[in-house]
Amino acid sequence: MAPALAEVGVFGGSGLYELLQGVEQVAVDTPYGAPSSPLHIGTVGQRRVAFLPRHGPHHEHPAHLVNYRANLWAMREAGVSAVLAPFTCGSLQPEVEPGHFIVVDQFVDRTRNRPDTIFDGPGANHTAMADPYDEDVRRVLVEAGRASGVTVHDAGTVVVIQGPRFSTRAESRWFSAMGWHVVNMTQYPEAALARELGLPYAAVGLVTDYDAGLEGRPDVPHVTMEQVFEFFKANVDRVRGVLFEAVAKLA
């Protein structure tokens, strides 16, 4: 077996690793074609970390066209023993405020036509998905958020929509009434594929907006793409701080 290229995998772009020194690019072949980008291998503390921007180096791959299978396969080929997955999301509940972080423990899939399994036959392979996120890695992310001084919700359900459009007000009202906490476009099939490949995986969401707005609050605007990008850019240091704290805490 080839030696591991990295100990930890992180789905995140240059905003997360640009402060590192001596970052090395490594191309990885997969049965599903090229991943969104070569792996960027750097050191965080004493650990080698493989960064992979899920949307590509220049955000050229929209959520519904990301090659999730290749991305997860590349992480496995790198030999990582845990995957940390930051993502942006819209809040569906008033207490989950923009600027908060949420370490989700469940997802609801509302996507369609995305290649979402490595088990294409022959034979049947039914992966248990009752608890799709690794609890040990989730705990580390929660502890890292608290140590970093951010407001972090320690559980929650993310409903994953197809994109690239955002929700209608009716859809957002439905998601909220179901008790789901945040909405996002990338957590499925990423989380499910990690489970199929045996990769301990957990995800932390940065809440950027209130989706289609808050019921009864006309002063709360609906989300726009520009708002999400600007909010993430303004908060990338906070996201990086939580992730690097988590890398240090991983056993």
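Residues numbered from 1 in each chain as written. Predicted model: local features only at pLDDT ≥ 70, side-chain atom pairs only at ≥ 80, totals over all residues. Heavy atoms only, no water.

Visitor: Would you mind going over the packing of helix α3 (residues 135–147) against helix α6 (residues 225–249) in detail, with residue names and values included?
Guide: Contact geometry for α3 and α6: axes closest at 8 Å, N-to-C directions at 125 degrees. If you check the angle between α3 and α6, you find them oblique. Judged by the twist between their axes, the crossing of α3 over α6 is right-handed. Listed contacts from α6 to V140, L141, E143, A144, G145 and A147 of α3 are V242, L243, E245, A246 and K249. Class assignment for the residues of the contact of α3 with α6 results in seven nonpolar, one polar and three charged. (Axes fitted to C-alpha atoms, helices over the stretch in contact; angles between N-to-C directions. Helix = DSSP H or I, 4+ residues; strand = E, 2+ residues; numbered from the N terminus. Parallel < 35°, antiparallel > 145°, perpendicular 65-115°, else oblique. Left-handed = near helix turned anticlockwise from the far one by under 90°. Contact = heavy atoms within 4.5 Å. Nonpolar A, V, L, I, M, F, W, Y, C, P; charged D, E, K, R; others polar.)

Visitor: Report on the packing of helix α2 (residues 68–77) against helix α5 (residues 187–196), specifying residues and quantitative values.
Guide: Axis separation between α2 and α5 bottoms out at 9 Å; the angle between their running directions is 40 degrees. Here α5 runs oblique to α2, going by the angle between their axes. Seen along the crossing, α2 lies across α5 with a hand that is right-handed. Note on element contacts: α5 touches α2 through Y188, P189, E190, L193 and A194, opposite Y68, R69 and L72. When the residues that make up the contact of α2 with α5 are grouped by side-chain class, the tally is six nonpolar, no polar and two charged.

Visitor: An account of the side chain of R69 is needed here, citing residue identities and associated values.
Guide: As for its placement among the helices and strands, R69 is situated in helix α2. The exposure class assigned to R69 is buried, which follows from its relative accessible area of 17%. If near-sequence neighbours (up to four positions away) are discounted, R69 is found in contact with Y32, P115, T117, D120 and L193. (Buried < 20%, exposed > 50% of the residue type's maximum accessible area, 1.4 Å probe, protein only.)

Visitor: Could you give me a rundown of the pairing of strand β5 (residues 82–91), with the residues and numbers involved?
Guide: Burial analysis of β5 places nine of its ten residues in the buried class, which makes it a mostly covered element. With three bridges connecting them, strand β1 (residues 8–10) and β5 associate as parallel partners. Its bridge partner being in β5, G9 is matched across the sheet by V83. Relative to strand β11 (residues 201–209), β5 is paired through eight bridges, and the arrangement is parallel. Following the sheet pairing, P86 is matched in β11 by V204. Direction of pairing for β5 relative to strand β10 (residues 182–184): antiparallel, over a ladder of two bridges. (Pairing = 2+ DSSP bridges.)

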